[in-house]
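Report on the structure
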Amino acid sequence: MAGEPLRPLSPAEWPARLREALAASGAPSLAFRVVRSDARRAIVRVDGADLAPARGAWTARPSGTVRTVRTWGTLVGAKAWMGRSPPP
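In what follows, the accompanying structure is described. This is a predicted model, so every value here is computed, not measured.

This next bit is on the environment of Ala-54. Looking at the element boundaries, Ala-54 is found in helix α2 (residues 51-59). The class for Ala-54 is buried, based on a relative accessible area of 1%. Once the C-alpha coordinates of Ala-54 and Arg-19 are considered, the two residues, 35 residues apart in sequence, prove to be 9.9 Å apart.

Here you go:
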């Protein structure tokens, strides 16, 4: 999965923001790993069984801190997305 915040995040802030969103949605135990991030975007690895709840939690945040942009089955497309310029 790939996501974008509304403001730049440090590499240490990405996991914290994602954990906050999971906890707020009632799914705090879902496992994920931030594969790659820059200030405004991140690629996050999520188990296929946890994909729907994780995507829902990260997209439904009332504060709008993080939003899910795409979901890929492999990292090839995600890494290509990360290499492109982020939207303004």
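If you look at the biggest cluster of nonpolar residues, it comprises 15 residues, and the most contacted ones within it are Leu-18, Leu-22, Phe-32, Val-44 and Trp-58. Sorting the residues of this core by element identifies α1 (13-25), β3 (42-46) and α2 as the ones contributing at least two each. Examining the composition of this core, we find that four residues originate from one element, α1, more than from any other. In terms of nonpolar packing, the next biggest core, distinct from the first, is built from five residues, Trp-72, Ala-78, Trp-81 and Met-82 among them.

The geometry of α1 relative to α2 is characterised by a closest axis approach of 8 Å and an angle of 100° between their N-to-C directions. In terms of their interaxial angle, α1 and α2 are classed as roughly perpendicular. Residue-level contacts link Leu-18, Ala-21, Leu-22 and Ser-25 of α1 to Ala-54, Ala-57 and Trp-58 of α2. The residue makeup of the contact of α1 with α2, split by class, is six nonpolar, one polar and no charged.

Parameters and conventions
Residues numbered from 1 in each chain as written. Predicted model: local features only at pLDDT ≥ 70, side-chain atom pairs only at ≥ 80, totals over all residues. Heavy atoms only, no water. Helix = DSSP H or I, 4+ residues; strand = E, 2+ residues; numbered from the N terminus. Buried < 20%, exposed > 50% of the residue type's maximum accessible area, 1.4 Å probe, protein only. Core = buried A, V, L, I, M, F, W, Y, C linked by side-chain atoms within 4.5 Å. Axes fitted to C-alpha atoms, helices over the stretch in contact; angles between N-to-C directions. Parallel < 35°, antiparallel > 145°, perpendicular 65-115°, else oblique. Contact = heavy atoms within 4.5 Å. Nonpolar A, V, L, I, M, F, W, Y, C, P; charged D, E, K, R; others polar.

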